[in-house]
Structures are given as C-alpha cells and as structure tokens.
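One-letter residues, chain by chain:
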Amino acid sequence: MAQIKRFGFGLQALIVLALTSEQRSSAEIAEEIRCEPTALRKILAQLAEAGIVEVKQGRAGGYQLTRKPGEITLSEIYNALHEEDPLWNRMLDTTGNHLFGQKVNESFQKIMTDIVAQVDHVLGTYTIADLLE
C-alpha cells in the first residue's frame, strides 16, 4: 500500500513541477499536494536518482523536471519508486513446498509475470503531460 501512495504523491509532485518552469522547494510541493515533507523528500530523492528530476541545493535551490512532461512516462516513475514486491506476489506465500503447491506456484508466477507486464504496458502509454490535461 505504501508503494502506491508513494507513486501517487510522486505523480502529484511531478505535475506541480510540470506546471511551472521555475524550481520548487520540497516544502512548497509538500504543502500543495498535502504530503508529509520528509516522505516527499524521499520520493523526490528517488526520482532524482532515476534522472526524472534534478535538485539544486542552497537557498535558491529546488526541484525541476529534467525533461519535458511528454517525455516522462508513468512506467518510468513507477519503476523509480518501486521498492517492494507487488501485493499479488503474496499469492506465492500460499502455495507451500508440496507437489501440488509447487505446480500451483508455477501457474501463479506466470500470472504475476503477466500482471507486471500489463501494468508496465498501461503505465507506459501515459506521460506526465497526459495528467496536465
């Protein structure tokens, strides 16, 4: 659940940055999207590490997008903020080490692989620019 919240706040922060060409501080962004500032700084650090935003330190510093909003896909953002296994991976915890469980485990893994591919495909069709409309 925390992962989806991070993704949601990350998207909102990027929308805020896309709406202006000026740098914005994490405090300004946090206030605008109603996010806890410390949590937002962690999200922004992950987005900076992925090359989606750049940060300038200092009194006049802040965050900016590294590319145009139409060049940043939601898939790229999701992958930058992805830290834990998706909820559906917990299905594997139910299969056990017995013969039947092992067979079901293989089927579950195939399903999970397909889900991940579909999520990536859908998110790859949207950009930050799409969220500005």
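Look up: the structure comes first, before these words.
So, here is what we can say about the structure in this document. (Residues numbered from 1 in each chain as written. Predicted model: local features only at pLDDT ≥ 70, side-chain atom pairs only at ≥ 80, totals over all residues. Heavy atoms only, no water.)

1. So, the packing of helix 4 (residues 74-81) against helix 5 (residues 99-124)
The condition is simple: Only C-alpha atoms enter the line fits that serve as axes; for helices the fit covers just the stretch in contact. Angles between N-to-C directions range over 0 to 180 degrees. Runs of H or I in DSSP of at least four residues are treated as helices and runs of E of at least two as strands, each being numbered from the N terminus. An angle below 35 degrees is read as roughly parallel, one above 145 as roughly antiparallel, one from 65 to 115 as roughly perpendicular, and any other as oblique. Contact definition: two residues touch when any of their heavy atoms are within 4.5 Å. Note that Gly is not counted as nonpolar here; it falls among the polar residues with everything else outside the nonpolar set of Ala, Val, Leu, Ile, Met, Phe, Trp, Tyr, Cys and Pro and the charged set of Asp, Glu, Lys and Arg.
Packing of helix 4 against helix 5 brings their axes to within 6 Å, and their N-to-C directions diverge by 130°. By the angle between their directions, the pair helix 4 and helix 5 is classed as oblique. Between helix 4 and helix 5, the residues in contact are Leu74, Ser75, Tyr78 and Asn79 and Asp120, Leu123 and Gly124, respectively. Tallied by class, residues from the contact of helix 4 with helix 5 come to three nonpolar, three polar and one charged.

2. Re the nonpolar core
One broad trend across soluble globular proteins is that nonpolar side chains are buried collectively. Selection rule: We define a nonpolar core as any set of buried Ala, Val, Leu, Ile, Met, Phe, Trp, Tyr and Cys residues linked to one another through side-chain atoms lying within 4.5 Å. A simple rule labels every residue: compare its accessible area, found with a 1.4 Å probe on the protein chains alone, to the largest value its type can have, and call it buried under 20%, exposed over 50%, or partly exposed in between.
Grouped together as the largest cluster of nonpolar side chains are 27 residues, with contacts concentrated most on Leu14, Ile29, Leu40, Leu47, Ile52, Val53 and Ile77. Element by element, the count of residues in this core is highest for helix 1 (residues 2-18), at seven residues. Setting aside its immediate chain neighbours within four residues, Val53 contacts Leu14, Leu17, Leu44, Leu47, Ala48, Tyr63, Gln64, Leu65 and Thr66.

3. Quick notes on the side chain of Thr95
Note the threshold: Under this definition, polar contacts are N or O atom pairs within 3.5 Å; protein pairs additionally need one hydrogen-donor-capable and one acceptor-capable atom, and for neighbouring residues in sequence, both atoms have to be side-chain atoms.
In this fold, Thr95 is placed in the loop between helix 4 and helix 5. You can call Thr95 buried: its relative accessible area is 5%. A polar side-chain atom of Thr95 sits 3.1 Å from a polar atom in the side chain of Asn105. Setting aside anything within four residues of it in sequence, one finds Thr95 in contact with Gly101, Val104, Asn105 and Phe108.

4. Side note on the pattern of salt bridges
This is how it is decided: One speaks of a salt bridge when a side-chain nitrogen belonging to Lys or Arg is within 4 Å of a carboxyl oxygen belonging to Asp or Glu.
All chains considered together, the criterion is met by five salt bridges. Among the ionic pairs, Lys56 bridges to Glu54, the shortest N-O distance being 3.9 Å. The class of Lys56 is partly exposed, set by a relative accessible area of 41%. Taken together, the shared-partner salt bridges connect Arg24, Glu28 and Glu32 into one network.

5. Looking at helix 2 (residues 26-33)
In an α-helix there are 3.6 residues to a turn, and that puts residues three or four apart on one side. Inclusion rule: This arc corresponds to the set of directions leading from the helix axis out to the C-beta atoms.
Of all the residues in helix 2, the buried ones are Ser26, Ile29, Ala30 and Ile33. Buried residues of helix 2, seen end-on, are gathered within an arc of 100° and therefore sit on one face of the element. On its buried face, helix 2 is in contact with helix 1, helix 3 (37-49) and strand 2 (62-65). Two residues or fewer past helix 2, Arg34 is found with a positive phi of approximately 60°.

As far as function goes, none of this settles anything; it's purely spatial.
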